[in-house]
Amino acid sequence: MDDLRNRLFYEQKNAYDLIDTAERIDAEKYCRAYMRYLNDSRTEREAVDNAILLAEKSGFVPYVPGMELKPGDKIYQNNRGKALMLAVMGRQPLSAGAVIAGAHVDAPRLDLKQTTLYESDEMAFFKTHYYGGIKKYQWVTIPLELHGVVALKSGETIRVVIGREPDEPKFVITDLLPHLSQDQMKKTMAEGITGEGLNILIGSAPYADEGKDRVKLAVMSILNDMYGITEEDFLSAELAAVPAFDVCEIGFDRSLIGGYGHDDRVCAFAELQALLDLKHPARTCVCLLCDKEEIGSEGVTGMQSEAFDCFMQDLCESQGVALRRCYENSFCLSADVTAAFDPLYPEVSEKRSASKINYGLGVCKFTGVRGKSGTSDASAELVAYVRRLFADRGVIWQMAELGKVDQGGGGTIAKFMAKRNIDTIDAGVPVLSMHAPFEVVAKLDCYMTYKGVLAVYEDKETAK
Ligand code: MN
Ligand code: MN
């Protein structure tokens, strides 16, 4: 009877029961490199810069339109410092389609407003406008650091990173003491901390002078000394406050990784590392690190932008291939994180369909909300393709559905790739506390995501 059960039933296994010591060591090595990348990449700009550093070390060069390309050539195109497209040219022409993996490198954060600096009751603050889906109460009373750029009228752009080094100051948003919180505690969690209440404390020492706003003046004078900027320069700045936690191992067994921005730099790094490890692929392999996914893939650096089409069209034209031929034969792995089942909050998930920590790469046939609305919904044939491929290549994976039916949901770049007539499927790392200032992933799931992307890149067949 048990034989019959084994033959007929689908049963998932924990990745720890499926891999050997050699692979555990490979996973550790991979995760160490990922932790370094994540620790140094706190914004989309930094994630792109650090990806370029790694790519150039592996022989990638900036793509120049009209450049002659031969199989094995490694190129990249930097989209305004916030998004990155990399490719390794395949042995087959682009009419055979490209193999694309797309992840995003933006993450929820607190953007400074353009008119941000103010003084109130002899303390100085930055006003913020949050970016992406956050639970506001999670962002108070944690150390914050400041990253971004100030673009000056002169055309010069000044980079700002403060709070990253141990001896640098950090910043914080205060919260009410419990003793005086009886009114606040009656509010819902959505209302307890408001968007306009997310004001960052940045100083308290007054300027040694008469007059008003002496603390603001003191802060502005420090900023002027450090960066040569005046208050007006904030008008053309992009500064973000992000959590100042270091990336670290979690658990006595060190099996998990805690850090800010796993969503979706954990998939971005998997794609990047897989592309860097490629040798002469059959088809052209493309790695996308996109921006603006957290706010709907909008803007020139988001996946709705034609920047990607221009890049692909340039490559196609160099081979006399029509872009639409390339797209219709292409395959895209939309690599984005999914919600891991959390035993502390079982009520929001449907256990049979939720992805589990340590069960490998989570494949989402569909995303969306309320009756799959807003999903591209990969076809059964496409799911069968990845089943076959992952089985052949020893990729441990699981089906993943983000939450119970009608509990909520989400989207990724998948639908924007599918809109281009590219066969697309979502897959990524299961995350605990997604979108929190400190998210958690499992090492083996990170490694299996890398293996999954590599398998897709190295496949000789087309997805069809
Ligand atoms: Mn994401
Ligand atoms: Mn997200």
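Check the entry above for the structure.
Residues numbered from 1 in each chain as written. Chains lettered and ligands numbered in written order. Predicted model: local features only at pLDDT ≥ 70, side-chain atom pairs only at ≥ 80, totals over all residues. Heavy atoms only, no water.

A few words now on the overall build of the protein. Helix and strand counts for the protein stand at 11 helices and 20 strands. Over its C-alpha trace the protein gives a radius of gyration of 23 Å, about what one expects of a compact globule, namely 23 Å for 464 residues. Projected onto the principal axes, the alpha-carbon positions of the protein cover approximately 80 × 60 × 40 Å. Considering only contacts within the protein whose residues lie at least 6 apart along the sequence, 76% involve residues at least 24 apart. With an accessible surface of roughly 21,800 Å², the protein has 53% of that area assigned to carbon and sulfur atoms. Averaging the coordinates of the 53 positive side-chain charges in the protein and doing the same for the 69 negative ones gives two points 5 Å apart. (Helix = DSSP H or I, 4+ residues; strand = E, 2+ residues; numbered from the N terminus. Rg over C-alpha atoms; globule rule 2.2 N^0.38 Å. Contact = heavy atoms within 4.5 Å. Areas by Shrake-Rupley, 256 points an atom, 1.4 Å probe, with all protein chains shown as cover. Lys, Arg positive; Asp, Glu negative; His and termini not counted. Charge placed at Lys NZ, Arg CZ, Asp CG, Glu CD.)

One recurring pattern in soluble globular proteins is that nonpolar side chains are buried together. By size, the foremost hydrophobic cluster in this structure holds 68 residues, and its most contacted members are Leu86, Leu275, Phe331, Ile425 and Tyr457. No other element matches the 10 residues that helix 11 (residues 443–458) contributes to this core. Beyond its immediate sequence surroundings of up to four residues, leucine 275 is in contact with Phe60, Leu86, Ala87, Val88, Cys285, Val286, Cys287 and Tyr457. With 35 residues, the next largest nonpolar core counts Leu117, Ala124, Trp139 and Ile229 among its residues. (Core = buried A, V, L, I, M, F, W, Y, C linked by side-chain atoms within 4.5 Å. Buried < 20%, exposed > 50% of the residue type's maximum accessible area, 1.4 Å probe, protein only.)

Here we take up the pairing of strand 9 (residues 199–203). For strand 9, the buried fraction is high: 4 of the 5 residues fall into the buried class. In terms of strand pairing, strand 6 (residues 123–131) meets strand 9 through 4 bridges, oriented antiparallel. Across the sheet, residue phenylalanine 126 finds its bridge partner in strand 9, namely isoleucine 200. (Pairing = 2+ DSSP bridges.)

For the rest of this paragraph, the subject is helix 7 (residues 307–317). Within helix 7 the residues assigned to the buried category are Ala307, Phe308, Asp309, Phe311, Met312, Leu315 and Cys316. Looking at the buried positions of helix 7, the neighbouring elements they touch are strand 2 (74–79), strand 3 (83–88), strand 4 (98–104), strand 13 (284–290), helix 8 (323–328) and helix 10 (414–418).

Attention now goes to the coordination of the manganese ion (ligand 1). Only His104 (NE2), Asp263 (OD), Asp336 (OD) and Asp336 (OD) from the protein coordinate the manganese ion (ligand 1), and they sit 2.1 to 2.7 Å from it. Along the chain, the residues donating to the manganese ion (ligand 1) are arranged with the sequence spacing H-x158-D-x72-D. Between the manganese ion (ligand 1) and the manganese ion (ligand 2), a separation of 3.3 Å is found, and both are coordinated by aspartate 263. Separated by 159 residues along the polypeptide, histidine 104 in strand 4 and aspartate 263 in helix 6 (residues 262–276) bring together distant segments of the chain. The buried category is assigned to aspartate 263, whose relative accessible area is 2%. (Donors = N, O, S within 2.8 Å, 3.2 Å for Na, K, Ca; no water.)

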